[in-house]
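So the chains spell out like this:
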Amino acid sequence: MAAESARLPGLVEEFVAGEVDSKAADVTEGVKAGNFTILELVEALGLSLTSSQPQTRGRGVQLLSQVLQECYSGLSEKEVEVLIAFYENRLKDHYAITPHVLRGLKALVKSTALPPGSAVSILKSLFQDIHVQSLMVAQRSCVYNMLISLMESREGELKGLGPDFVYGFVQAVDGERDPRNLLLAFQIARNIIHRGYDLSQFTEELFEVMSCYFPIDFTPPPNNPHGIAEEDLILALRAVLTGTPRFAEFLLPLIIEKLDSDVQNAKVDSLQTLAACGPVYGHRELADFLPGLWSSIRREVFQTASERVESAGLAALTSLSACLSRSVLTSDSEDPLQVFLELVLKDCKHHLCEPDLKLVWPSAKLLQAACGASYRSSLLITATVLPALLDEYSSRAQCAQRRTLLEVLHGFVQPTPSSLSAEGEESVLLPFQKSLCSAVFSALSESSAGLQITAIKVLITLGEQPGLLSESEVETAVDHLTKLILEEDDAQVSLAVAECAGSLSRLHPSSFTSRLIPRLKDEIFSEPMVLRDDSAPSKTRQRCVSALASVSTLPGLVQETAPVLLQVLSSAQRGSNSFSLEEVTSVCHSLQRIANRAQGAEEIGKFFHDVIIPQLLGLALQAALQSQRSSDLSSALTQETVLSALVPVISSVCAALQTDLAAQTAAQFVSLFLDGETSFLPENTYPSQIQLLKSEFESWSQSQLVCLLMACVCSFPHNVEIPEIDRLLGQLEDLSCTSTHPFSYTSAAKCFAGLINKRAAGQALDAALEKTLKRIRETLDCESSAQRVQAFTLLVWVAKALLLRYHPLSTALSDKIFSLLRDPELGSRAADSLSLLMSDSSDVLNRSCHADVRIMYRQRFFTENSDKLVQGFNSAEQEKKSVYLKALSHIVNNLPRQVQLTELPPLLPLLLEALLCPDDAVQLSVLSCLQPVLQDPPPALSSQLEALFSRLLSLTSSSAMNVRIAALRCIHALSRLPEHTVLPFRARVLRVLASPLDDKKRLVRKEAVSARGEWFLLGSPGGR
């Protein structure tokens, strides 16, 4: 210990006289280790601290301050008191010593042993002996941080200074320009305001020293090294200026003045600051300035072409109205809210009656902004505005004018959270209920689609507010919606009707059950549609089917609508020609929309489990058996399109079932497909020997039903056990390897893969995989086998199942697929299969089906296999190279965009080679990869420009429209490269792009015009 203490004078001497800065760290470590104390350090520094040379004194104080910054927590109160006295005295010393003194004081004010009264002493010394704004940025930051620390730890002492503290702060901060220090200064000012410091006679001075920065205009330096954005400064200053009502008399005139600025950001900042005043100020602070504020807001909303300024002005008006709404009324005083709203109404109301003029919308927005501020403001405005609008609507005959008036009306009937009536208060719209409904129903009867859509929006808004639609009015509304469904073929109207029906059906289900659903059912089953010459009746039927799904919002309604849809499928199963394939598919899509609601409604899921799923399965099975008995009786339910549409219906329901119901459903499906158990199906009139998975008894109409098995068993969560899974996997393997029907063996492979993906790791999984992969390898290695395509399909789906869960065997399966790229029969299929591996599957092996999908599996696959593809390409024969290029394009195109940007540069030569491939799909895939890269091109691209331009320009005349469009977009992106690199290609590009300007496809012409325009400007005076 004594030896260590003896080292201290030497360390001090080396730091002070030798100017070896690293010795400060040694001294600090010694103090931390207890080898010497702060007192011993001060003694060792004695001569340095009292030297007549400012530089020597500065080095001494610097060493002491650096040690204190690390060791202040171990000081006693007496030591802190002595050190503070020393540092306060040093503030009067030479200016070169001041920075070190401030760092020492900054460390001391953090000490928990700070003596009582020392905070006041430090501040008095700072304010009296230091001119803060003459210091450097870092020293000013020290001062501000000291103030913040003392405000946190010694607030009572600082408040004891009274207004002197505020005055001292104002003097210290006056003239500050550094954004880092301004954030600290704004924080101090905010603390002064919010924590109740005595502003007294210095209120205006504090406001002036802060408001000189308003509005903030700040552009960060390149790369923004300090991470300070303009928005940070704006919000910090706004919190100060709007922090107290005492600033109102200074701030509000300032805002009115700044709103006259021509700078858009200044206007927006001023209006947003005004909006922030609303929750803080009272009506008395606003009273004298309301006419001026309203005049400025009105001018900005009426005249601006900027949406930012307009939205900020409307928000400010809402905030002012809300503030005035909080005023307490007395019998002998006028209502400030009413006085203000009279100003607004006087300037805006008459414009609402001029639907052809441009001021109708700014006026409507202003009135709606004020109306939405509070219940009181909505009561005052609607009482004046709604009668005028309704009268004007009734007096107008033109649909365009009526639509404008109805759209304006919609803004007033749409409540905001602030304007909603409280419990016990009636809606402000109740006095106008009859007139509003009359206007809406008359608009729904018009022939104008735009007017109908607007009326539907108003109807939705009215229906969502309690008490605004009586039972008879709801029934009238339902009748109008029914008529629109049956007669109106406009797509936008149909969407609006579906939204309205869904909204109202939740609130008034009985009206839909008794009126709309029976009427739609009658229309659906009115007569065979395929016998008619035109497609309009078929469209009507599809609208009816879609509407049934839209109103199926509650379990009771689902129990009414789903049987109607099932009845359509039943009719199709019997081979009736009443329903076309398109209509049957539409029914399946509607059932899927209803099934999706099972995820949020247990009762709907149980209804599907008990009724819908068994009936769907029974109908599909009956159709398959019927088709097997007689090929002449073709049913829509045997079509691949319809079965594919039924898959998401079953999948959505099974994914959302409760565990017990899920286990029951799994057992039923497995017993049906393995043992032909049909007892749970309705109308149990099936043959006793049904073997749906036995390929030796295969009938494609039966074997393809495996897609329904897949939809069920592959959608359950992991905790649902699939019975007899080994037997099931074996039969799925047999079917997928021996079936000759593509849809059947593909669905069997998907089902097998879905089960493998979720199966727990262990010997059972390993044994199943070993058996299957052995069979796949043997079949693929036998070039004369007739089942190679089937085995390859199973290989791809199993590879995807294992890739998603990061199974160790996935690498071996991927290698097998890559080896098949050279295969004469399967090479092209192998290349296309990589797209399947990398993309999301809609019906199986996705997260909605509870599949085991690990994050970043695409990136992992690319990292492990991209080099293999490049090596394979380099070693392949010339005629096989296109297959490798196709494979590479599929992998790269399915990578996340950010990964593409980093991984593509090394692959650019290969991708450019792929553009010569005659396959349109490969070309489109590569072009879609290149386009985002060209927005921020890598350096490697500069050496490839000649080849890139040649490929892209030749593709502008491709036979595929999408390829032409993608090529033009890439050429457009190339115009943004540095001018000196692309200017040599300008004449060539302009010459080639003249041809696409006359392309037969409008979308191609549009891209050609955009691209050619950019290239014309390249290198021109006034160009980019």
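Look above for the structure.
Heads up: these notes are all about the structure in this document. (Residues numbered from 1 in each chain as written. Predicted model: local features only at pLDDT ≥ 70, side-chain atom pairs only at ≥ 80, totals over all residues. Heavy atoms only, no water.)

### Concerning empty space enclosed by the protein
Here is step 1 of the chain: Here the structure, examined in full by the defined rule, presents one cavity of 30 Å³ or more.
Here is step 2 of the chain: In this structure, the largest cavity encloses a volume near 50 Å³.
Here is step 3 of the chain: Leu803, Tyr806, Ser810, Thr811, Ser814, Arg860, Phe861, Glu864 and Asn865 are the residues that line the largest cavity.
Here is step 4 of the chain: Of all the elements in the fold, those that place two or more residues in the lining of the largest cavity are α41 (810-819) and α43 (857-875). (1 Å grid on protein atoms, 1.4 Å probe; cavity = no way out; pocket = protein on both sides within 12 Å on 5 of 7 lines; lining within 4 Å. Points joined across faces, edges and corners; volume = space filled by probe spheres on them. Helix = DSSP H or I, 4+ residues; strand = E, 2+ residues; numbered from the N terminus.)

### So, the pattern of salt bridges
Here is step 1 of the chain: In this structure the tally under the stated criterion is 42 salt bridges.
Here is step 2 of the chain: A salt bridge links Lys816 to Asp781; its shortest N-O distance comes to 3.1 Å. Of this pair, Lys816 sits in helix α41 while Asp781 is found in helix α39 (residues 763-781), placing the two residues 35 residues apart along the sequence.
Here is step 3 of the chain: Arg860 serves as the salt-bridge partner of Glu864, at 3.2 Å between the closest nitrogen and oxygen. A residue pair is termed a helical-turn pair when its members lie 3 or 4 positions apart in one helix, as Glu864 and Arg860 do in helix α43 at four residues.
Here is step 4 of the chain: For Arg860, a relative accessible area of 33% puts it in the partly exposed group. (Salt bridge = Lys/Arg side-chain N within 4 Å of Asp/Glu carboxyl O. Buried < 20%, exposed > 50% of the residue type's maximum accessible area, 1.4 Å probe, protein only.)

### Considerations on the packing of helix α26 (residues 471-487) against helix α28 (residues 509-524)
Here is step 1 of the chain: Across the interface, α26 lies against α28 with an axial gap of 9 Å and an inter-helix angle of 20°. When the axes of α26 and α28 are compared, the pair comes out roughly parallel. Regarding α26 and α28, the two cross each other, and that crossing is right-handed. Residues Val474, Glu475, Val478, Asp479, Leu481, Thr482, Ile485 and Leu486 of α26 form the contact with α28, whose participating residues are Ser511, Phe512, Arg515, Leu516, Arg519, Leu520 and Glu523.
Here is step 2 of the chain: A class-by-class count of the residues in the contact of α26 with α28 yields eight nonpolar, two polar and five charged. (Axes fitted to C-alpha atoms, helices over the stretch in contact; angles between N-to-C directions. Parallel < 35°, antiparallel > 145°, perpendicular 65-115°, else oblique. Left-handed = near helix turned anticlockwise from the far one by under 90°. Contact = heavy atoms within 4.5 Å. Nonpolar A, V, L, I, M, F, W, Y, C, P; charged D, E, K, R; others polar.)

### Some points on helix α24 (residues 433-444)
Here is step 1 of the chain: Its twelve residues place the ends of α24 17 Å apart at the C-alpha level, agreeing with the 16 Å of an ideal helix rising 1.5 Å per residue.
Here is step 2 of the chain: Structurally, α24 contributes buried residues whose contacts are with α22 (375-395), α23 (399-413), α25 (449-463) and α26. (Expected span 1.5 Å × (residues − 1).)

### Side note on the layout of surface pockets
Here is step 1 of the chain: Of the pockets and cavities examined, the largest pocket occupies roughly 400 Å³.
Here is step 2 of the chain: Forming the walls of the largest pocket are 22 residues, and the residues nearest its centre are Val413, Pro415, Ser419, Leu420 and Gln465.
Here is step 3 of the chain: Counting only elements with at least two residues in the lining of the largest pocket, the list comes to α21 (360-371), α22 and α23.

### Considerations on the packing of aromatic side chains
Aromatic ring pairs are described here by two measures, namely the spacing of the ring centres and the angle between the planes.
Here is step 1 of the chain: In total, this model carries eleven aromatic pairs according to the counting rule given.
Here is step 2 of the chain: Each member of the aromatic cluster is reached from another via a ring pair, and the members are Phe207, Phe247 and Phe250.
Here is step 3 of the chain: The ring of Tyr197 has Lys159 sitting right over it, with the charged end atom 5.5 Å from the ring centre.
Here is step 4 of the chain: We note Arg860 situated over the ring of Tyr806; from NZ or CZ to the ring centre the distance is 4.1 Å. (Phe/Tyr/Trp six-rings, centres within 6.5 Å; stacked < 30°, edge-to-face > 60°. Lys NZ or Arg CZ within 6 Å of the ring centre and 35° of its normal.)

### Describing the environment of Leu661
Here is step 1 of the chain: Relative to the assigned elements, Leu661 resides in helix α34 (residues 659-675).
Here is step 2 of the chain: Residue classification places Leu661 among the buried residues on the basis of a relative accessible area of 14%.
Here is step 3 of the chain: Along the backbone, Leu661 and Phe289 are 372 residues apart, and their C-alpha atoms lie at a distance of 68 Å.
Here is step 4 of the chain: Apart from the residues lying within four places of it in its own chain, the contact partners of Leu661 are Lys606 and His609.

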